[in-house]
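These are the residues of each chain, in order.
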Amino acid sequence: MEALSRAITAPKLPLPRRTSNGSCFPLARRSLGPSSSRVAKRGRVFACQGQNPEIHFSDPDWKSKYQQEFERRFSIPHITDVFEDAEPIRSTFCLKMRTPVSEEFAGGYPSDEEWHGYINNNDRVLLKVINFSSPTSAGAECIDPNCTWVEQWVHRAGPREKIYFKPEEVKAAIVTCGGLCPGLNDVIRHIVITLEIYGVRKIVGIPFGYRGFSDRSLTEMQLSRKVVQNIHLSGGSLLGVSRGGPEVSEIVDNMEERGINMLFVLGGNGTHAGANAIHNECRKRKLRVAVVGVPKTIDNDILLMDKTFGFDTAVEEAQRAINSAYIEAHSAYHGVGIVKLMGRYSGFIAMHAALASGQVDICLIPEVPFNLHGPHGVLRHLKYLIETKGSAVVCVAEGAGQNYIERTNAKDASGNNVLGDFGVYIQQETKKYFKEIEVPVDVKYIDPTYMIRAIRANASDGILCTVLGQNAVHGAFAGYSGITVGICNTHYVYFPIPEVISHPRAVDPNSRMWHRCLTSTGQPDFV
Ligand SMILES: Nc1ncnc2c1ncn2[C@@H]1O[C@H](COP(=O)(O)OP(=O)(O)O)[C@@H](O)[C@H]1O
Ligand SMILES: O=P(O)(O)OC[C@H]1O[C@](O)(COP(=O)(O)O)[C@@H](O)[C@@H]1O
Ligand SMILES: [Mg+2]
């Protein structure tokens, strides 16, 4: 797997802390490296790595240069970049024709000249929709010190009128990697259904993530509308998931062997790094292959998207654990309920679950440093809560408080750091502290980790999965590769993969959302 990791350009996680917009971070000094640009945010100087290396705000044309560079970065790779003479055909995706697409296309491809349901290749969606009037505005994301409004457009997702694959020549494969996430089956289902509408007959599932490309004992699963009809009714992945796996070259060798020319990859940042490496390898080998990702992570740590599928469901389920902790704490004499939720580097689940439940007194996330001990520490505040309220609920994200736990350098099969269990640690420290100050407390610890991700998607996630799955297929047929689908300001878009995985998206401690969470919990700064 190490070799696979080296194959991509995106740096390995985690990276230095950045703001939630994913690009800027405060500069210690005024000097900038060759690949950074400077922006003002709340009166501080920021650097935007990898963006507009030579941007000079004194240049009267800086804005148009910035936009040109942005357009270049967010252009989505197309099959014609490599196969200049690739000829498109009229789309076989036409919803006006109600009869099923014939297996042999004997009478030619179906078409409906009158249908206006296609996306124009030049359609764009605005990536940022707030025109901040000042760098001091809450959550301001500025490019220049004056916070000038710069339109940033990204590609609109959806079916195109011209397609670059003949359905009868397509062998499509779907693979699900990383940890589970509610909605995986919904996405698989809609990829299969949409492929069939285009007229594809050869659709297979690769079992157990990237591993399924190398382990000869794992055979591909034939997929059809009939097979996937009811899979969304249960959680998990019909295909199975795994971490780790073969090298990129082995994956592409195997794809060639099986004749796969459309690959749909469902996974998080690691999986997408792999998908991008597969796309690049296919290009290197001059293979007419479309590789399209669908971001999957309950951590919600993929950049630039409103949210990833499964996140809402996970938050909803997490609330149940918080509610149980609240009931336990509230019903006990001096009860303290502690809940640990997932979130390796990003505290979105903990923050949103705390906000949604309204029952959390202290929310601890990896992005916001805190002291456990001392006059301004978490434990002192817990004492105050016990004295004043009689009980307290604490919600901690998995990645919080790692500085309190001895590092092991252990890695999982994908190369992710194995974190220490801060939930258990804070539980023990709480007991120890109250024992020392001779205040009796009843501590209840709940770790619902796998329960929040092994369930089926709720209704809103189900719809999100439907749109993402369908758009993934439209993107592949339109001839795009090395892309992923997302929701952006409520519209659906295609992003080039490297732009969404350059580092994990994190909660911005200066964001309105974190401030709302603090308003809700009433917790002080623990520093
Ligand atoms: N940097 C990388 N380059 C290529 N493949 C990777 C990379 N990181 C992880 N992978 C592969 O992607 C798959 C899923 O990665 P993992 O980090 O476990 O989950 P996720 O995709 O949810 O982040 C694994 O098979 C792993 O080997
Ligand atoms: O026990 P597992 O399968 O490694 O999963 C735990 C991990 O799952 C996550 O919730 C999501 O991780 P992925 O997006 O990489 O699947 C992490 O926060 C957590 O560390
Ligand atoms: Mg990950």
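Residues numbered from 1 in each chain as written. Chains lettered and ligands numbered in written order. Predicted model: local features only at pLDDT ≥ 70, side-chain atom pairs only at ≥ 80, totals over all residues.

The condition that has to hold: UniProt positions are given in the numbering used here, feature names are shortened, and annotations may be inferred rather than shown by experiment.
Looking up the chain in an unreviewed UniProt entry gives the name ATP-dependent 6-phosphofructokinase, with the organism given as Tripterygium wilfordii. Quoted verbatim from the Function (unreviewed entry) field of the UniProt record, the comment on the chain reads "Catalyzes the phosphorylation of D-fructose 6-phosphate to fructose 1,6-bisphosphate by ATP, the first committing step of glycolysis."

### Here we look at the sheet that holds strand β14 (residues 362–364)
Note the following rule: Being paired, for any two strands, means DSSP has found at least two bridges between them. Helix numbering and strand numbering both begin at the N terminus, where a helix is a DSSP run of H or I of at least 4 residues and a strand a DSSP run of E of at least 2. Only the stretch in contact is used when fitting a helix axis, every axis being a line fitted to C-alpha atoms; angles between N-to-C directions are given from 0 to 180 degrees.
Pairing is parallel across the open sheet formed by four strands, whose spatial order is β14-β15-β13-β16. Either end of the sheet is taken by a strand with one partner, and the two such strands are β14 and β16 (442–446). Going from strand to strand, the sheet's axes swing by 15° on average, the running direction of each strand aside. Of the strand pairs in this sheet, strand β13 (residues 335–341) and β16 are connected by five bridges, and their pairing is parallel.

### Observations concerning the packing of helix α8 (residues 311–331) against helix α9 (residues 348–357)
What counts is decided by this rule: Angle categories are assigned with fixed cut-offs, so that under 35 degrees is roughly parallel, over 145 is roughly antiparallel, 65 to 115 is roughly perpendicular, and the rest are oblique. Handedness of a crossing follows from how the near helix is turned relative to the far one, being left-handed for an anticlockwise turn of less than a right angle and right-handed for a clockwise one. By the convention adopted here, residues are in contact when the distance between their C-beta atoms, placed from the backbone, does not exceed 7 Å. Three residue categories are used. Nonpolar comprises Ala, Val, Leu, Ile, Met, Phe, Trp, Tyr, Cys and Pro, charged comprises Asp, Glu, Lys and Arg, and polar comprises the others, including Gly.
Contact geometry of α8 with α9 gives a least axis separation of 8 Å together with a crossing angle of 60°. Comparing their axes, α9 and α8 come out oblique. Here the hand of the crossing between α8 and α9 comes out right-handed. Residues F311, A314, V315, A318, Q319, I322 and N323 of α8 pack against F348, I349, H352, A353, A356 and S357 of α9. Partitioned by chemical class, the residues of the contact of α8 with α9 number nine nonpolar, four polar and no charged.

### Some details on the UniProt feature "binding site: ATP" (unreviewed entry) in the chain
Cut-off, in case you're wondering: Burial is judged by counting the other C-beta atoms within 10 Å of a residue's own C-beta: 20 or more makes it buried, 12 or fewer makes it exposed, and any count in between marks it as partly exposed, with every C-beta position built from the backbone.
Per the UniProt record, "binding site: ATP" (unreviewed entry) is found at G179, R243, G244, G268, N269, G270 and T271. Their sequence span is 93 residues, while the largest C-alpha to C-alpha distance among them is just 13.2 Å; these annotated residues converge on one region. On the basis of neighbour counts, which here come to 20 C-beta atoms within 10 Å, the residue R243 falls in the buried class. Excluding anything up to four places from it in sequence, R243 contacts G178, D412, A413 and S414. The class of G244 is partly exposed, set by 16 C-beta atoms lying within 10 Å.

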